[in-house]
Structures are given as structure tokens and as C-alpha cells.
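# Structural overview
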Amino acid sequence: MGKIAFVFPGQGSQKVGMASEFISEDAGYKNFGKEADSRLGIGLSSLMQEGPQEELTLTYHAQPALLTAGAVIDAALKEAGIRPDFSAGHSLGEYTALVSAGVLSFGDAVETVHRRGLYMNEAVPAGEGSMAAILGLGAEELKRVTDDVTEEGHPVQPANLNCPGQIVISGSKRGVELACESAKAAGAKRAIPLDVSGPFHSSLMKPAAQKLQAQLDSVGFADADFPVIANVTAEPVRDPENIKKMLVEQLYSPVRWEESVRNMLSLGVTLFIECGPGGVLSGLIRKIDRSAKVLRVEDMDSLNKAVETAKGWS
């Protein structure tokens, strides 16, 4: 029937209770929570299960929490006999995709994304950067808008190329404000400020990228068991050194999600399984191609339904 891709959500999808059925004491995957707690020196698994939401949403907590949720669901799917032909993740989710493909160990990945969150938090003081979703304006037109605002001394750029008619911009607070005004004047239907703690995937993240490079150099990377679709190029990649290089670039480069999904479709993917809370990627994939089959797994019930559908798919 076709190939299967596991896809993993990024920051913003976190919610209290995510993956609780998998990492609770009586579940078969509690070691994921225990290893995360041990590697980070914080009670991450308790935070995931009990909150509070405000604490869970902090960049340096949300990133390892989402990675843990995605990795445990990936493990449960594989234990049930469902293996992907490709994996991909949105921003932070790319790290979970790399765990799925055997490039990074879970322990190394959870520690790395925790540090990534800290570096991103330190790069731009709170309130100095922001992001906004622009609806109904083409990528080329929006790029002209952001280039013009940046030339005026207020850095801003496209950050997430999510799906037709939805592009997120990122940059300085004033740059995003000016770009929102200009985008609406150029024909955008809406410009929606996002509740985020920094200007992710913009040039303002380059100081964080330098620190991340040192962290990645201290971690072991293996050849991928199957291709991972990279955010930076939207192309499949398996080589560890190339993957490491693109993870650094990813911090200040756009997430090419729409292109990534279209490339997976062209490579024969007919079933996407979103591993983690929220359903954001499922919604984007359906907007990119309404005929795509998309399943969400975030608890035991949805896991069982996905396994039943996916058995014999590829």
C-alpha cells in the first residue's frame, strides 16, 4: 500500500499528562522517564504527568518533555511491529526523528535538547524577540516583506514554511511587528502573534547555534537506520556528520515542513503517524495533501488503533 513515515511535533504541542500512560510506574516504558530524570537532574517525568503547564512550557523543559513523549511512542509502535521507512520532525521534533532512526541515543538526545532549550533561552532576552503566523500570503511575497524590514535595521525572516497559506516569521520584536503590518498591506489575510519565548529559527539564534555545536561535538552520532527528512533541506539524510551540521544550521534557518511532506509523498509515503500530543502536524499534513492518510498516537487507545491500521501497510 505504500511507505510509512513517523513524524514528531515541536515546541508548542506540550501538555500536562502527555505520554503518561507510557511512562507511569506500571507501564512498560517507565525507563524513558527515569533516564530523562537521571540525565537532566530534574523531575521531568513528574512535570510531564502533573505539571504545572507554565513550568512544562518553559523552553528547556518543553523540549526534553516532547522528545521523551515522542521517543516512548516510537518505541511502543516498533515493539508492536510497526517500523517506519522515513522519519521527520518539526524543529525540536527532528531530534526525536533522529532517535527513531538510531542516529542519537535517547539519553544523549534528551540531554542535548535540554541544553538546546537553555541556549535558545539565553540567546535573546525575553521580550526582545517574537514570532507571528502569516496567513494567506505567498512565500516569495513574504520574503520580500521581511527582507525590506530587515534592511531597515529590524531583523526578521520566514521561520516555519508550514503549509499552503501558513508561514511563521521570526525576529526582533519590532521587526515582527513591522513585517506583520507590511504583510497585511501586501494582502495577507491575518497576522497572528505567537506566544513563544524567543525568535526561533531566525538569525538571532546564531549565538545559541555556536554553543549547540560544542554540545553536538560531545555526543555520539551513528548512521541512520532509515532516512530522516532534514528541516534545513527537506531532503532525506543518513550520514551522521551531515546530520550534525544541519542540526546547527536548523537553529537559525527556516523549517521547510511543507516541502518535507511533499518530498515524503513523492518518495512513496502513503501513511503518516504523528507520535506525540497536539495533532499539529496531522493538521498541516492534511492541508498540504488532503488525500494523505494521517494517524495520531498520543495514548494507548490511539496506539492500538494505529497499529491495527498500519499492520501490513508497507
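In what follows, the structure referred to is the one given above.
Read on for a plain summary of the structure. None of these values were measured; they are calculated from a predicted model.

### Thoughts on the sheet that holds strand β6 (residues 190–193)
With respect to topology, four strands assemble into an open sheet ordered β4-β5-β3-β6, the strand pairing being antiparallel. Since the sheet does not close on itself, it has two edges, and those belong to β4 (156–163) and β6, each with one partner. For this sheet, the mean angle separating the axes of adjacent strands, direction not counted, is 25 degrees. Strand direction decides the pairing type here: strand β3 (residues 129–135) and β6, joined by four bridges, are antiparallel. Bridge pairing links A133 to I192 in β6. Its contacts with the sheet place helix α8 (residues 139–151) against β3, β4 and β5 (166–172), and it is angled at close to 160 degrees to β4.

### Describing helix α6 (residues 93–100)
Summarising burial for α6: eight of the eight residues are buried, a large majority. Buried within α6 are the following residues: G93, E94, Y95, T96, A97, L98, V99 and S100. Where α6 terminates, the next one or two residues include G102, which has phi positive at roughly 80 degrees.

### Overview of the environment of K287
For K287, the location among the structural elements is in helix α13 (residues 280–288). Judged by its relative accessible area of 53%, K287 falls in the exposed class. Once residues within four sequence positions are removed from consideration, K287 is found in contact with C163, P164 and Q166.

### Things to note about the state of the cysteines
All told, the structure shown has zero disulfides when counted by the stated rule. Between C180, a cysteine without a disulfide, and C163, which holds the nearest cysteine sulfur, the sulfur-to-sulfur distance is 17 Å. A residue is classified by how much of its surface remains accessible, and C180, at 11% relative accessible area, is buried.

### So, the sheet that holds strand β1 (residues 3–8)
Here six strands make up an open sheet; going across it, the order is β8-β7-β2-β1-β9-β10 and the pairing mixed. Every interior strand has two partners, whereas the edge strands, β8 (236–237) and β10 (293–297), have only one. Bridge count between strand β9 (residues 269–275) and β10: five bridges; the pairing is parallel. Along β10, the bridge assignment pairs F272 with V294. Strands in contact with helix α5 (residues 59–79) are β1, β9 and β10; relative to β1, the strand with the most contacts, it is inclined by about 155 degrees. Strands β1, β9 and β10 of the sheet are contacted by helix α14 (residues 300–310), whose axis makes an angle of about 145 degrees with β10.

Rules and cut-offs
Residues numbered from 1 in each chain as written. Predicted model: local features only at pLDDT ≥ 70, side-chain atom pairs only at ≥ 80, totals over all residues. Heavy atoms only, no water. Pairing = 2+ DSSP bridges. Helix = DSSP H or I, 4+ residues; strand = E, 2+ residues; numbered from the N terminus. Axes fitted to C-alpha atoms, helices over the stretch in contact; angles between N-to-C directions. Contact = heavy atoms within 4.5 Å. Buried < 20%, exposed > 50% of the residue type's maximum accessible area, 1.4 Å probe, protein only. Disulfide = S-S within 2.5 Å.

In short, geometric facts, not functional conclusions.
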